[in-house]
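A structural walkthrough
Residues per chain are reported as follows:
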Amino acid sequence: MKNKKIIIAISASIAAYKAAFLVRLLVKAGANVKVIITPAAKEFVTPLTLSTLSKNPVFSDFVLNKNGEWTNHVDLGLWADLMVIAPASANTIAKMANGICDNLLIATYLSAKCPIMFGPAMDLDMFIHPTTVQNCAKLQSFGNIMIDANEGELASGLNGKGRMAEPEEIFSVIEKHFNSEQDLLGKIALVTAGPTYEIIDPVRFIGNYSSGKMGFALAEELANRGALVTLIAGPVEIIHHHKNITRINVHSATQMFEAVNENFSTTNIAIMCAAVADYSPITVADEKIKKQNEEGLTIELKKTKDILKHIGSIKTNKQIVVGFALETNHEEENALIKLKEKKADFIVLNSLQTPGAGFKHNTNQITILKNSGEKIAFNLKSKNDVAIDIVNEIVKITNTIDA
Ligand code: C5P
């Protein structure tokens, strides 16, 4: 925690007083804390309390002082190693999820390159309202870490879920975050994520339902543990947060192949998580294809290059290659064939049969099948936790390679 630069961002909630305790805990642990407070939150806790505890000026407005100097939210966002929005009110969560940038807190959130945590605080009905549930899920899909609310007595007098986590609990999540093992320091990783779009004509493409969530969670986990990550992403809406991640956006399977090929020789760990199209139209129409033929329309497709198979065939024994298999039937049998054919170190099997696993979900249930014959089945968990399991297995292999 020592010398870590942390922004504590406070929005309007009765739980704002707990943020003062959190600031105190962090400063005592040696962190350098800067506080941002929304104008409405000043009704709950004073900037004077927070500046005294943080030993730093408190930021609230775009205009810093009477001379008309502005508060540079971009600098603030880039300064931080971590930004923690706690309490995060329903209003602030909604603004974060939708980019409604009407105060300094949101402007800094949108500018920040560091990991983001948010601790919701609101009444129980607000917390379970579909819009809040969706907004929280959306933020998590961006890679933001939610520090879940607790059950208990609420300011309304009602009892239920919505109490912001206690300062000690938030402190412990932050502590764990900074103490996460840097067991991949010095390693270079390559991750593919998301779908590919194969163009048919100027308005149509062949795509799939991949959200990119699993690949992004893997990139974040590798980066958290010290690796420098190149993330090659198909068309997805997700934002990455870690400064160790360099993102290359691609559209088609061919572009993804080229980007992987360009980067693979210097890579220690490659995880091919993208749902790459297996076939692509032979010709791309210059104009929108018209409804002409009453019988139907035939589009001729050609096979795309199998990226995983390609890197599996050229990899050295110092490089680790991991593939994914999303199967609907004879799951394990098919995944084992893939493991052999693609010469991967291991295949991560996820089945579409498991409720809550696979495309679009925030959770996944995997089985790892290794080329050593070992098989490890995991429970259904969040994609962030699945990423930890996968990276743990990779670290075990790197240890044997480096030994
Ligand atoms: O053969 P299948 O497409 O089921 O294999 C899935 C695995 O292969 C995934 O890891 C996926 O990222 C990778 N793949 C690839 N290039 C392709 C097709 C699949 O890298 N053209």
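Residues numbered from 1 in each chain as written. Predicted model: local features only at pLDDT ≥ 70, side-chain atom pairs only at ≥ 80, totals over all residues. Heavy atoms only, no water.

**Points about the overall build of the protein chain**
Using the following cut-off: Only runs of H or I of at least four residues qualify as helices and only runs of E of at least two qualify as strands under DSSP, and these elements are numbered from the N terminus. C-alpha atoms define the radius of gyration, and 2.2 Å times the number of residues to the power 0.38 defines the globule rule. The cut-offs for exposure are 20% and 50% of the maximum accessible area for each residue type, with area from a 1.4 Å probe on protein chains only; residues under the lower value are buried, those over the upper are exposed, and the others partly exposed. Contact criterion: two residues are considered in contact whenever any of their non-hydrogen atoms come within 4.5 Å of each other. The method behind every accessible area is Shrake-Rupley, applied with a 1.4 Å probe, and residues are considered shielded solely by the protein chains displayed. In summary, the charge assignment counts Lys and Arg as positive and Asp and Glu as negative, without counting His or the chain termini. Positions of charges follow a simple convention, taking NZ of Lys, CZ of Arg, CG of Asp or CD of Glu.
Within the protein chain, the secondary structure is distributed over 13 helices and 22 strands. A compact globule built from 403 residues would reach a C-alpha radius of gyration of about 22 Å, and the protein chain, at 24 Å, matches this within 12%. Among the 403 residues that make up the protein chain, the fraction classed as buried is 51%. By sequence separation, contacts in the protein chain at least 24 residues apart represent 66% of the contacts at least 6 residues apart. As displayed, the protein chain has an accessible area near 19,600 Å², and 52% of this comes from carbon and sulfur atoms. Measuring between centres, the 41 positive side-chain charges of the protein chain sit 4 Å from its 42 negative side-chain charges.

**Quick word on the packing of helix α9 (residues 213-224) against helix α13 (residues 383-402)**
Just so we agree on the cut-off: The axes are straight lines fitted to the C-alpha atoms, using for helices just the contacting stretch, and the angles between their N-to-C directions are given from 0 to 180°. Each angle receives one of four descriptions, namely roughly parallel if under 35 degrees, roughly antiparallel if over 145, roughly perpendicular if within 65 to 115, and oblique otherwise. Left-handed is the label given to a crossing in which the near helix is rotated counterclockwise from the far helix by less than a right angle, and right-handed is the label when the rotation is clockwise.
Contact pair α9 / α13: the axes reach a minimum separation of 8 Å and the direction vectors enclose 55 degrees. Taken together, the axes of α9 and α13 are oblique relative to one another. The crossing of α9 and α13 is right-handed. Residues K213, M214, A217, L218, E221 and L222 of α9 lie in contact with α13, whose contacting residues are K383, N384, V386, A387, I388, I390 and V391.

**With respect to the packing of helix α4 (residues 90-98) against helix α5 (residues 104-111)**
Rules: Gly is placed with the polar residues, together with every amino acid not listed as nonpolar (Ala, Val, Leu, Ile, Met, Phe, Trp, Tyr, Cys and Pro) or charged (Asp, Glu, Lys and Arg).
Where α4 meets α5, the axes come as close as 10 Å, and the angle between the chain directions of the two elements is 40 degrees. In terms of orientation, α4 lies oblique with respect to α5. As α4 runs across α5, the sense of the crossing is right-handed. From α4, T92, K95 and M96 reach across to α5, where they touch L105, I106 and Y109. Here the residues of the contact of α4 with α5 sort into four nonpolar, one polar and one charged.

**Observations regarding the site of the ligand**
This is how the line gets drawn: If a single non-hydrogen atom of a residue is within 4 Å of a molecule or strand, that residue counts as near it. Polar contact is the term for a pair of N or O atoms within 3.5 Å; when the atoms are in protein, one must be able to donate a hydrogen and the other to accept it, and sequence-neighboring residues count only if both atoms are side-chain atoms.
What surrounds the ligand is a group of 13 residues, the closest being M272, A274, F324, K338 and K342. For the ligand, a nitrogen atom lies 2.9 Å from a polar atom in the backbone of I307. Between the ligand and K338, the relevant distance is 2.5 Å, taken from an oxygen atom to a side-chain nitrogen or oxygen of the residue. When the free accessible area of the ligand is taken as 450 Å², the share hidden by the protein chains comes to 86%. Contributions of two or more residues to the shell around the ligand are made by α11 (307-314) and β17 (320-327).

**Things to note about the pairing of strand β1 (residues 5-10)**
To keep it simple, the criterion reads: A strand pair is defined by DSSP finding two or more bridges across the two strands. A right-handed crossover is one whose linking path, passing over the helix from the first strand to the second, runs clockwise when the strands point away from the viewer.
With respect to burial, β1 is a largely interior element, five of its six residues being buried. As defined by bridge partners, β1 adjoins strand β2 (residues 32-37) across six bridges and the pair is classed as parallel. Within the sheet, the bridge partner assigned to K5 lies in β2 and is N32. The β-α-β motif built from β1, the intervening helix α1 (residues 16-28) and the parallel element β2 has right-handed crossover chirality. The pairing of β1 with strand β4 (residues 82-88) spans four bridges and is parallel. Each residue of the ladder has a partner; that of I7, found in β4, is M83.

**Side note on helix α10 (residues 253-264)**
An α-helix turns once per 3.6 residues; consequently, residues spaced three or four apart project the same way. Condition: Expected span of a helix: the number of residues minus one, times 1.5 Å. Directions drawn from the helix axis to the C-beta atoms are what define this arc.
If you check α10, its first and last C-alpha atoms are 16 Å apart, about what twelve residues at 1.5 Å a residue would give, namely 16 Å. Turning to α10, its buried residues number three or more, namely A253, M256, F257, A259, V260, N263 and F264. Each buried residue of α10 sits inside an arc of 165 degrees when the element is viewed along its axis, so together they form one side.

**Remarks on unusual backbone geometry**
Negative phi characterises most residues that are not glycine, and trans characterises most peptide bonds. Going from A86 to P87, the amide bond is cis rather than trans, its omega being 0 degrees. Summarising the element assignment, P87 is placed in strand β4. Although it is not a glycine, H330 adopts a positive phi angle of roughly 40 degrees. Mapped onto the elements, H330 comes out in the loop between β17 and α12 (331-341). Owing to a relative accessible area of 53%, H330 belongs among the exposed residues under this scheme.

**Describing the domain arrangement of the protein chain**
Note the following rule: The domain boundaries here were taken from an automatic or database domain assignment. Note: buried area is the sum, over both parts, of the accessible area (probe 1.4 Å) each one loses when the two are combined. Salt bridges are defined as contacts in which a side-chain nitrogen from Lys or Arg sits within 4 Å of a carboxyl oxygen from Asp or Glu.
When its domains are assigned, the protein chain resolves into domain 1 (5-178) and domain 2 (188-285 + 296-402). Domain 1 and domain 2 are separated by 34 Å when their C-alpha centres are compared. Facing the eleven residues of domain 1 at the interface are eight residues of domain 2. The junction of domain 1 with domain 2 conceals about 770 Å² of combined surface from both sides, 53% of it contributed by carbon and sulfur atoms. In terms of surface lost to domain 2, no three residues of domain 1 exceed K113, S141 and F142, which account for 51% of the buried area on that side. Remark: the boundary between domain 1 and domain 2 carries zero salt bridges.

**Remarks on the pairing of β17**
For a regular strand, side chains alternate in direction, first toward one face of the sheet and then toward the other. Where burial is concerned, most of β17 is hidden: seven out of the eight residues are buried. With four bridges connecting them, strand β14 (residues 269-272) and β17 associate as parallel partners. Opposite I269, over in β17, you have I320 as the bridge partner. Relative to strand β18 (residues 346-351), β17 is paired through six bridges, and the arrangement is parallel. Bridge assignment links A325 to a residue of β18, and that residue is L349. Between the parallel pair β17 and β18, the chain is carried across by α12, and the sense of this crossover is right-handed.

**Remarks on the pattern of salt bridges**
Considering all chains together, one arrives at 15 salt bridges under this definition. In this structure, the salt-bridge partner of E393 is K396, at a minimum N-O distance of 2.9 Å. Of the two residues, E393 and K396 are both situated in helix α13; the distance of three residues between them amounts to about one turn of the helix. A residue is classified by how much of its surface remains accessible, and E393, at 5% relative accessible area, is buried. Through salt bridges that share partners, K370, E374, E393 and K396 make up one connected network.

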